[in-house]
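Structure assessment
For reference, the chains in residue letters:
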Amino acid sequence: MARELSEFIASSPLCSTHEHTEFENFYQKSQPDVLTHLFDNYVLHDLLSAGASRQALNALIDVSNPDIESRFNAVETAWRRVELGGYAEAVKLTAAKLFEIEEITAASLRKAADTTNLRGNPGERLLLLRDLANLDHVQIDINSRPLPYEMIGQDFFHYDINAFDLCNGMPNVSELAAVLGEEITTLASLRSAMEALFQRSAKYAIAVKSQHAYQRSLAWTERSDQQAEAALASWLRLGTDIEEKDRMCLGDWCMSHVARLAAQYELPFKIHTGYYAENNFMVTSYIAAGNLSRFVRNHPNTRFVLMHIAYPYSDELIAMAKHYSNVAVDMCWAWSINPIHASEFLRRFVHGAPTNKLFIFGGDANVPAATVGYTLQARQWLTRCLQEEVDGGLMSERAAVDLARFLMMDNPRSYFNLSEKNTIVRSATLDRISTEDRSAFGEPTKSVRNSGKN
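Keep in mind it's a predicted model, so treat the numbers as computed, not measured.

The next point concerns the overall build of the protein. When you go through the protein residue by residue, the secondary structure sums to 23 helices and 10 strands. Whereas a compact globule of 454 residues would reach a radius of gyration of roughly 22 Å, the protein reaches 22 Å, a difference of no more than 12%. In terms of its C-alpha atoms, the protein occupies a principal-axis envelope of roughly 65 × 55 × 45 Å. Here the protein holds 454 residues, and the buried ones make up 58% of them. The long-range fraction of contacts in the protein, counting pairs at least 24 apart against all pairs at least 6 apart in sequence, stands at 78%. Counting every atom, the protein has about 18100 Å² of accessible surface; 48% of that belongs to carbon and sulfur. Each charge sign in the protein was given a centre, from 44 positive and 56 negative side chains, and these centres are 2 Å apart.

Put into structure tokens, the structure is as follows:
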């Protein structure tokens with residue numbers, strides 16, 4: 001393997017365009033141990049699919065139990081069945097990087113537990129992400145609103161405005177009423193509250209994010225104000241007992257208004273496509289990216305970032321990025337879901353769509369140690385992909401290095417306007433933020449993991 005390419009990818013900073021990194025105070029309170037650092041991530045879902053019980057998986061990441069060996073032994077059989085998968089590969093990379101574990105066994109885990117200093121110390125989250133993973137910055141969806149105070153005065157942690165409740169047709173009216181300063185009783189007041197939310201938050205946010213594919217189809221239909229007014233009345237009257245047709249109607253209307261506001265405030269609109277986290281509830285007809293074609297076509301001024309390569313419906317996503325000038329694609333999570341599929345996707349994309357439409361990494365993780373492993377995994381598979389291009393005579397090594405630099409850093413920093421966003425959040429202080437803008441921020445009352453869908 002050519003040394004210049006591999007060394008460049010291994011050593012250069014990398015942008016993470018999607019994480020769910022835990023808040024600093026909740027991370028410290030969690031007091032992680034070696035098992036939570038390694039296993040409190042997507043590998044739990046593969047372990048469940050392989051036959052581990054939920055009881056054993058809960059015990060695996062229960063830091064109140066110091067018996068490392070028994071916690072691991074209860075899932076070891078399932079672990080051996082998933083070891084070749086992408087999730088497990090990232091676990092092994094984390095184990096080697098953070099704990100010098102060559103093979104994951106009860107004994108090696110016990111030794112690491114006794115010697116590690118990674119116990120949720122102040123600043124450890126930043127150390128893991130910036131210094132050990134060598135990330136340029138992370139873009140975080142905390143699954144909720146408002147934006148956290150901890151983003152003020154720094155430029156490493158950037159945050160999305162979450163629009164899941166809106167696009168899902170179940171708007172959090174009490175939260176929106178607090179933003180607006182009056183009760184949400186009509187569609188006009190809902191619209192005004194959404195506009196106030198963006199007016200106060202957009203300058204500080206990196207993007208807008210919705211994961212409504214977890215609870216409804218990505219397919220969208222244009223709705224009139226009259227239709228949406230009736231659907232909102234149903235939501236206000238019935239709450240979670242709202243009929244599906246009314247929820248979909250209100251969600252479609254909110255999707256459109258979110259898209260217009262995202263365009264107005266020059267924020268990319270990130271939308272989850274494809275595979276679900278967790279187990280046993282995925283509705284495959286909901287998740288294909290092609291369901292969004294009508295929505296994208298009807299909002300040409302909005303920049304859409306379609307996430308997770310719509311696994312396993314990836315080819316139609318390449319077609320959308322090739323066809324629609326306002327569609328970009330994020331490989332966040334894809335390397336760990338299935339690295340072979342992600343590798344093939346990257347090469348097909350490079351030969352099928354503009355490379356400035358592609359973002360190649362986001363760990364999509366809550367635990368920062370997991371992001372370390374996902375980062376190492378992405379670097380290794382990116383190297384393999386581009387080396388295949390070089391070996392096949394499709395590009396020179398110099399061109400491969402230049403493409404790696406563009407995909408790892410230059411393109412995401414340009415697309416998400418990092419220079420301006422860094423200046424805004426770095427220079428912000430509570431004293432400088434206007435009284436009105438203070439409503440954009442709040443002290444988190446829940447951890448990220450307890451705040452909503454991933």
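Attention now moves to the packing of helix α8 (residues 86–99) against helix α21 (residues 368–391). The N-to-C vectors of α8 and α21 enclose an angle of 110 degrees; their axes lie 8 Å apart at closest approach. Considered as vectors, α8 and α21 are oriented roughly perpendicular to each other. Between α8 and α21, the contacting residues are Gly86, Glu89, Ala90, Leu93, Thr94, Lys97 and Leu98 on the first element and Ala369, Ala370, Val372, Gly373, Tyr374, Leu376, Gln377, Gln380 and Trp381 on the second. The class makeup of the residues in the contact of α8 with α21 is nine nonpolar, five polar and two charged.

With that out of the way, let us pick up the sheet that holds strand β5 (residues 207–210). Across the sheet, eight strands lie side by side as β1-β2-β4-β5-β6-β7-β8-β9; this open sheet has parallel pairing. One side of each edge strand has no neighbouring strand; the edge strands of this open sheet are β1 (14–19) and β9 (358–359). Here four bridges tie strand β6 (residues 269–272) to strand β7 (residues 304–307), and the two strands are oriented parallel to one another. Counted as the bridge partner of Ile271 is Leu306 from β7. Docked against the sheet, helix α10 (residues 124–132) engages β2 (135–140) and β4 (157–162), running at close to 100 degrees with respect to β4. The strands that helix α18 (residues 315–323) touches are β7 and β8 (327–330); relative to β8, the one it contacts most, it runs at about 140 degrees.

It is worth spelling out helix α20 (residues 339–350) at this point. Taking 1.5 Å as the rise per residue, α20 with 12 residues should run 16 Å; its terminal C-alpha atoms sit 16 Å apart, in good agreement. Those residues of α20 that sit buried are Pro339, His341, Ala342, Ser343, Phe345, Leu346 and Phe349. At the N-terminal end of α20, a side-chain oxygen is found 3.2 Å from the backbone nitrogen of Ile340, two or three residues along, and the residue is Asn338.

The next subject is the pattern of salt bridges. The final tally for this structure, using the stated rule, is 29 salt bridges. Between Arg347 and Glu388 there is a salt bridge, and its shortest N-O distance comes to 2.6 Å. Linking Arg347 in helix α20 with Glu388 in helix α21, this pair joins segments that are 41 residues apart in sequence. The class for Glu388 is partly exposed, based on a relative accessible area of 42%. Between Glu389 and Arg347 there is a salt bridge, with the nearest N and O atoms lying 2.5 Å from each other. A residue pair is termed long-range when its members are at least 10 positions apart, and Glu389 in helix α21 and Arg347 in helix α20 qualify at 42 residues. With relative accessibility at 2%, the residue Glu389 sits in the buried group. A relative accessible area of 24% means that Arg347 is categorised as partly exposed. When salt bridges with common partners are traced through the structure, they connect Glu4, Arg398, Asp402 and Arg405 into a single cluster.

Attention now goes to the packing of helix α12 (residues 173–180) against helix α13 (residues 187–201). At a closest axis distance of 8 Å, the pairing of α12 and α13 adopts a crossing angle of 65 degrees. Comparing their axes, α13 and α12 come out roughly perpendicular. As α12 runs across α13, the sense of the crossing is left-handed. On α13, the residues touching Leu176, Val179 and Leu180 of α12 are Ser189, Leu190, Ser192, Ala193, Ala196, Leu197 and Arg200. Classifying every residue of the contact of α12 with α13 gives seven nonpolar, two polar and one charged.

Conventions and cut-offs
Residues numbered from 1 in each chain as written. Predicted model: local features only at pLDDT ≥ 70, side-chain atom pairs only at ≥ 80, totals over all residues. Heavy atoms only, no water. Helix = DSSP H or I, 4+ residues; strand = E, 2+ residues; numbered from the N terminus. Rg over C-alpha atoms; globule rule 2.2 N^0.38 Å. Buried < 20%, exposed > 50% of the residue type's maximum accessible area, 1.4 Å probe, protein only. Contact = heavy atoms within 4.5 Å. Areas by Shrake-Rupley, 256 points an atom, 1.4 Å probe, with all protein chains shown as cover. Lys, Arg positive; Asp, Glu negative; His and termini not counted. Charge placed at Lys NZ, Arg CZ, Asp CG, Glu CD. Axes fitted to C-alpha atoms, helices over the stretch in contact; angles between N-to-C directions. Parallel < 35°, antiparallel > 145°, perpendicular 65-115°, else oblique. Nonpolar A, V, L, I, M, F, W, Y, C, P; charged D, E, K, R; others polar. Pairing = 2+ DSSP bridges. Expected span 1.5 Å × (residues − 1). Polar contact = N/O pair within 3.5 Å; in protein donor to acceptor, adjacent residues only side chain to side chain. Salt bridge = Lys/Arg side-chain N within 4 Å of Asp/Glu carboxyl O. Left-handed = near helix turned anticlockwise from the far one by under 90°.

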